[in-house]
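# Descriptive analysis of the structure
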Amino acid sequence: MSNLVIVGAQWGDEGKGKIIDILSKDADYVVRYQGGNNAGHTVVVGKEEIILHLIPSGVLHKNKVCIIGNGVVIDPEALLAEVSYLKAKKINVNNSLRISDSAHVIFPYHKILDKLREEKFRKTKIGTTGRGIGPCYTDKLSRGGIRIADLLNKRIFKEKLEANIEEKNAIFTKVYNYKRYSFKDIYAQYLKYAKKIKPYVCNCSVVLNEAISKRKNILFEGAQGTLLDVDHGTYPFVTSSNSTAGGACVGSGIGPTKIDKVIGIVKAYTTRVGEGPLPTEFSADLLKKIRHIGKEFGATTGRPRRCGWFDAVVVKHAVAINGINTIAVTKLDVLDTMPILKICIGYKYKGKIYENFPADIEALWKAKPIYEECKGWMKDTTKAKKYSDLPNNARKYLKRISNLVGAKIQIVSVGSDRNQTLFV
Ligand code: GDP
Ligand code: IMO
Ligand code: MG
């Protein structure tokens, strides 16, 4: 038995979907523990590309139990659309999908509020995915939120929704000069969703603790990345949940003593979508090149991703915060045509050298990265079948990254396909 947490070690989109798909072959249960359909996890199987937003990436293997944990925020419309999307691809989730009764529900007013906030307060805009994630987690923490269990209890649901609509309508009309919501319409619509969702609902903690007692293997699937974690990321340019490994316990109802291992997913360079500091961001020419080769466009919103050099300060921070045991380095092949590679080993700001990730957002905005250079390998790595097939300079680059961040490399990925994966 082994229970494994997989986390993004940068700003999301590290290639978690691909690695989770591969490692979930050995898992009995695959569990999402935070975030919502802001996530976009891509799995490529043969010629087919499958993008998952809410349903765990383990769903592509037969006989896995796929759980959406209590720490996730669920938009029922998006969930049901994903179930249909998978069905159209001949993947039936009826027997595999479970949803925690304690997960919070995203309502239309969350999605609108997310967008209105971004439009009205442009100066402090986060560049969210517009999926209502922040407003839904805000309601959860302010204790006004509506959970799946509430949705399934008509009387409680009515009471809670009435209170929410009253409050939200006051905000919409007085702050945003926006239309009012009709309680009746949302109530009727969500009762229909409740009926469809009910067969999947479970007590996630009970299911997982039973699985643990039967010595089953559980894989916890993190969404977003460490630098988007609400506590440990580039606050306020973060998402509204704990995407780090600690979130796996809180967001699924198991204890920390049940986690055996944490694997960090690390892109061989750096990307981020949305606003916020990115100290190693490329200049325009290099950005264009890497974005094109790496196909760096958001899997959820299609927005172009910002790209930069590998930042060892960021990943070292992620190794510490998550207790990462080993890392999987993805998209190494994207660097195949780079004659010189830079690795950021520290930041300089106001005469001070930062070797650890600073919380001061101004320092992050203005920090000058300190780089060391490595020679590129200028060879195609996409056909490598084992680690020793990689060019010498590629192995040197990987070794340097591993030493700087303080974690051993377990997997190297050299393409989006399942078989472009090297186990070290
Ligand atoms: P996630 O959110 O962490 O699951 O990552 P995304 O799916 O949003 O983005 C990663 C993208 O890179 C997807 O399009 C993957 O198919 C692709 N990908 C994953 N690993 C590799 C790799 O090693 N090389 C290349 N070229 N693409 C990869
Ligand atoms: P995966 O799981 C990359 C970013 C958004 C924005 C910030 C807040 O595919 O790695 P939100 O909608 O969550 O309130 O937006 O977080 N963001 C992601 N960036 N990958 C993701 O997920 C992301 N999910 C949210 O772009 O900057
Ligand atoms: Mg993604």
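The coordinates are above.
Residues numbered from 1 in each chain as written. Chains lettered and ligands numbered in written order. Predicted model: local features only at pLDDT ≥ 70, side-chain atom pairs only at ≥ 80, totals over all residues. Heavy atoms only, no water.

## Brief notes about the overall build of the chain
Within the chain, the secondary structure is distributed over 13 helices and 20 strands. Computed over the C-alpha atoms, the radius of gyration of the chain is 22 Å, within 12% of the 22 Å expected from 2.2 N^0.38 for a compact globule of 424 residues. In terms of its C-alpha atoms, the chain occupies a principal-axis envelope of roughly 65 × 50 × 40 Å. Across the 424 residues in the chain, those meeting the buried criterion constitute 56%. Contacts spanning at least 24 positions in sequence make up 76% of the contacts within the chain whose residues lie at least 6 apart. Split by element, the accessible area of the chain, about 18600 Å² in all, is 52% carbon and sulfur. (Helix = DSSP H or I, 4+ residues; strand = E, 2+ residues; numbered from the N terminus. Rg over C-alpha atoms; globule rule 2.2 N^0.38 Å. Buried < 20%, exposed > 50% of the residue type's maximum accessible area, 1.4 Å probe, protein only. Contact = heavy atoms within 4.5 Å. Areas by Shrake-Rupley, 256 points an atom, 1.4 Å probe, with all protein chains shown as cover.)

## Description of the coordination of the magnesium ion (ligand 3)
Looking at the metal site, the magnesium ion (ligand 3) is ligated by Asp 13 (OD) and Gly 40 (O), spaced 2.0 to 2.2 Å from it. Here Asp 13 is found in the loop between strand E1 (3-8) and helix H1 (16-23), whereas its partner Gly 40 is found in the loop between strand E2 (29-32) and strand E3 (41-45), with 27 residues between them in sequence. Accessibility expressed as a relative area gives 21% for Asp 13, which makes it partly exposed. Exposure remark for Gly 40: the relative accessible area of 11% places this residue in the buried category. (Donors = N, O, S within 2.8 Å, 3.2 Å for Na, K, Ca; no water.)

## A short note on the layout of surface pockets
Of the voids in this model, the second largest pocket is the one considered here, and its volume is about 800 Å³. In terms of lining residues, the second largest pocket is bounded by 32 residues, among which Thr 42, Gly 294, Lys 295, Lys 331 and Ser 416 are the most central. Broken down by secondary-structure element, the contributors of at least two residues to the lining of the second largest pocket are H1, E3 and strand E4 (48-52). By residue class, the composition of the lining of the second largest pocket is seven nonpolar, 14 polar and 11 charged. (1 Å grid on protein atoms, 1.4 Å probe; cavity = no way out; pocket = protein on both sides within 12 Å on 5 of 7 lines; lining within 4 Å. Points joined across faces, edges and corners; volume = space filled by probe spheres on them. Nonpolar A, V, L, I, M, F, W, Y, C, P; charged D, E, K, R; others polar.)

## Examining the site of ligand 2
Around ligand 2 lies a shell of 20 residues, among which Lys 16, His 41, Thr 129, Gln 224 and Thr 239 are the nearest. In this structure, an oxygen atom belonging to ligand 2 sits 2.6 Å away from a side-chain N or O atom of Thr 129. One of the backbone N or O atoms of Gln 224 is found 2.8 Å from an oxygen atom in ligand 2. Across the complex, the protein chains shield 98% of the 550 Å² of accessible surface that ligand 2 would expose by itself. Classifying every residue of the shell around ligand 2 gives seven nonpolar, 10 polar and three charged. Two domains each provide a minimum of three residues to the shell around ligand 2, namely domain 1 (104-197) and domain 2 (268-319 + 329-382 + 399-404 + 415-423). (Near = heavy atom within 4 Å. Polar contact = N/O pair within 3.5 Å; in protein donor to acceptor, adjacent residues only side chain to side chain. Domains from an automatic or database assignment.)

## With respect to the nonpolar core
Considering soluble globular proteins, one finds that nonpolar side chains tend to be buried as a cluster. One finds Leu 332 and Tyr 397 to be the most contacted residues of the largest nonpolar core, which totals 71 residues. If you tally residues by element for this core, the top one is helix H11 (residues 312-322), at six residues. Those residues in contact with Tyr 397, other than ones at most four positions away along the chain, are Ala 268, Phe 310, Leu 332, Leu 335, Leu 341, Ile 343, Cys 374 and Trp 377. Counting 42 residues, the second largest nonpolar core, distinct from the first, contains Val 43, Val 59, Leu 80 and Leu 113. (Core = buried A, V, L, I, M, F, W, Y, C linked by side-chain atoms within 4.5 Å.)

## Details of the site of ligand 1
Around ligand 1 sit 19 residues in total, of which Lys 16, Gly 17, Thr 42, Asp 333 and Ser 413 are the nearest. Asp 333 places a polar side-chain atom, nitrogen or oxygen, 2.8 Å from a nitrogen atom of ligand 1. The backbone of Gly 415 places a nitrogen or oxygen atom 3.0 Å from an oxygen atom of ligand 1. Contact with the protein chains hides 91% of the accessible area of ligand 1, taken as 580 Å² for the molecule alone. The cavity where ligand 1 resides is the second largest pocket. Looking at the shell around ligand 1, the elements that each hand over two or more residues are H1 and E3. Of the residues contributing to the shell around ligand 1, the split by class is four nonpolar, eight polar and seven charged. (Sits in = over half its atoms within 2 Å of the grid points.)

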